[in-house]
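Summary of structural features
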Amino acid sequence: MKINTLALPLTAPETDSWLAVLTEAAAADLPGIPGPSEVEIRGRLRVPTVRGEARLWAAPDGEGVASAILFSDETNRHAAFVDVLTVRPQARRRGVGTALWERVREELRADGRTSVAAMLDLDGPGQAFAESLGFENVLPMAWYTRELPAGAAPEPPPATSGYEFLIWRGPVPAAWAQAAADAHTAMEDAPSGDMDQRIEPWTPERLHIVQQVIVDRGGEITTVAAVTAAGEVAAYTELVLPDPAGPRALQYDTVVLPRHRGRGLGRAVKLHMAAEAARRYPALRQIATTVADENTPMRTVNASLGYHHERGTGYFQLKL
């Protein structure tokens, strides 16, 4: 089977075909869960990642698509991430996925990559296919969701002595960029299992670029930060709407710096965020997030806020 390499920007027919594959696969594999919207998919194809080189492939007749990120930072130049490898439901079990994978693997090896990873839902076709290739789940996780009923008043955020809560829409303001980058670095102690990929150092410049990509793709990002009088970001959480008109938002990082833990700041920034989201996005009905199984403190915080287990997922990895 001839697998075609696609070049960004995609043509209109290529984009439409990519959208159709992902939409049909999401409806078949995750019924009842909002799939990626047209705004989100088109935005990702229009504005590539800044983490490295994005490569895209397509099977004939629009039967399947694949994309991979070849990381460009020195720490992770040995690694790659398969962002998409999806086959239309009616084209499965015909060797399309295998042909796509063989092309991806060939190009990764030719580029000198020795490790590749992917995020996969458990108990679905992706996990079975990946494990047949030798991928292993090195960081078990799960999706958790919190419902935001229409018209319901959010729980009032608590007052927390010694901290002010700030809300930033879009990239973090320049005046707080260094403190926010320092707080992002605190994610390095989050559970990472046996992941071969390493966290890049956070700088104000990198933080701005990463957050601006979300906006450029048509999405919105909001950060709630608990800050001190000394100008330190003690805790923060990020909410991303890939489609601002959509019903589902993604809770990105929630971090509390070690010296500020034990004061309820993780719960507090999430409460402030939920209240802000309910006010700002009337169509929003659900906040979703992933948490590593071994991250008991964050799972406990989420449970106290009404998050419920949606489905298992994992960070799967393979040595090439």
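In case you missed it, the structure is sitting above this.
Predicted model only: the values in this text are computed from it and were never measured. (Residues numbered from 1 in each chain as written. Predicted model: local features only at pLDDT ≥ 70, side-chain atom pairs only at ≥ 80, totals over all residues. Heavy atoms only, no water.)

**As for the environment of R46**
By the element assignment, R46 lies in helix α2 (residues 38–46). Counting along the chain gives 31 residues from R46 to T15, while the straight-line C-alpha distance between them is 9.3 Å. Sequence-distant contacts of R46, that is, excluding residues within four places in its chain, are made with D216, R217 and G218. A distance of 2.7 Å separates the side chain of R46 from the backbone oxygen of D216, its partner in a polar contact. (Helix = DSSP H or I, 4+ residues; strand = E, 2+ residues; numbered from the N terminus. Contact = heavy atoms within 4.5 Å. Polar contact = N/O pair within 3.5 Å; in protein donor to acceptor, adjacent residues only side chain to side chain.)

**Considerations on helix α5 (residues 174–185)**
The periodicity of an α-helix, 3.6 residues per turn, causes residues three or four places apart in sequence to face the same way. Compared with the 16 Å implied by 1.5 Å per residue over 12 residues, the 17 Å span of α5 between its first and last C-alpha is a close match. What α5 keeps buried is the set W176, A177, A179, A180, A181, A183 and H184. Elements in contact with the buried residues of α5: β7 (164–169), α6 (204–216), β8 (220–227), β9 (233–241) and β10 (248–256). (Expected span 1.5 Å × (residues − 1). Buried < 20%, exposed > 50% of the residue type's maximum accessible area, 1.4 Å probe, protein only.)

**Looking at the sheet that holds strand β5 (residues 115–121)**
In space, the 12 strands of this open sheet follow the order β1-β2-β3-β4-β5-β12-β6-β11-β10-β9-β8-β7, with mixed pairing throughout. Each having just a single partner strand, β1 (4–6) and β7 make up the two edges of the open sheet. Averaged over all pairs of adjacent strands, the angle between their axes in this sheet comes to 25 degrees, without regard to strand direction. Its contacts with the sheet put helix α4 (residues 125–133) on β4 (79–87), β5 and β12 (308–319), and the angle it makes with β5 is roughly 155 degrees. (Pairing = 2+ DSSP bridges. Axes fitted to C-alpha atoms, helices over the stretch in contact; angles between N-to-C directions.)

**Description of the pattern of salt bridges**
For the structure on display, the rule yields 20 salt bridges. Across the salt bridge formed by D16 and R42, the nearest N and O atoms sit 2.8 Å from each other. With D16 in helix α1 (residues 12–29) and R42 in helix α2, this residue pair connects regions lying 26 residues apart in the sequence. For the salt bridge of E53 with R55, the shortest nitrogen-to-oxygen distance reads 2.9 Å. For E53, a relative accessible area of 41% corresponds to the partly exposed category. Residue R55 is classed as buried on the basis of its relative accessible area, which comes to 18%. One connected set of salt bridges, linked through shared partners, spans E53, R55, R103, E107, D111 and R113. (Salt bridge = Lys/Arg side-chain N within 4 Å of Asp/Glu carboxyl O.)

**Observations regarding the pairing of strand β2 (residues 52–58)**
Counting buried positions along β2 gives 5 out of 7 residues, so the element sits mostly inside the fold. Pairing geometry for β1 and β2, over 3 bridges, is antiparallel. Paired with T5 across the two strands is W57, which belongs to β2. Relative to strand β3 (residues 64–71), β2 runs antiparallel, the two sharing 7 bridges. Note on β3: the bridge partner recorded for A58 is V65.

**Some thoughts on the nonpolar core**
Residues F165, A226, L239, L265 and L284 are the most contacted members of the largest nonpolar core, which totals 26 residues. Of all the elements in the fold, those that place two or more residues in this core are β6 (136–147), β8, β9, β10, α7 (265–280) and β11 (286–292). Residue contributions to this core peak at 6 residues, all from α7. The contacts of A226, once residues within four sequence positions are left out, are Y163, E164, F165, E232, V233, A234, A235, L265 and V269. (Core = buried A, V, L, I, M, F, W, Y, C linked by side-chain atoms within 4.5 Å.)

**Details of the packing of α1 against α2**
Packing of α1 against α2 brings their axes to within 10 Å, and their N-to-C directions diverge by 130 degrees. What the angle tells us is that α1 and α2 run oblique. Crossing handedness for the pair α1 and α2: right-handed. Residues T15, D16, W18, L19, L22 and T23 of α1 pack against E38, I41, R42 and L45 of α2. By residue class, the composition of the contact of α1 with α2 is 5 nonpolar, 2 polar and 3 charged. (Parallel < 35°, antiparallel > 145°, perpendicular 65-115°, else oblique. Left-handed = near helix turned anticlockwise from the far one by under 90°. Nonpolar A, V, L, I, M, F, W, Y, C, P; charged D, E, K, R; others polar.)

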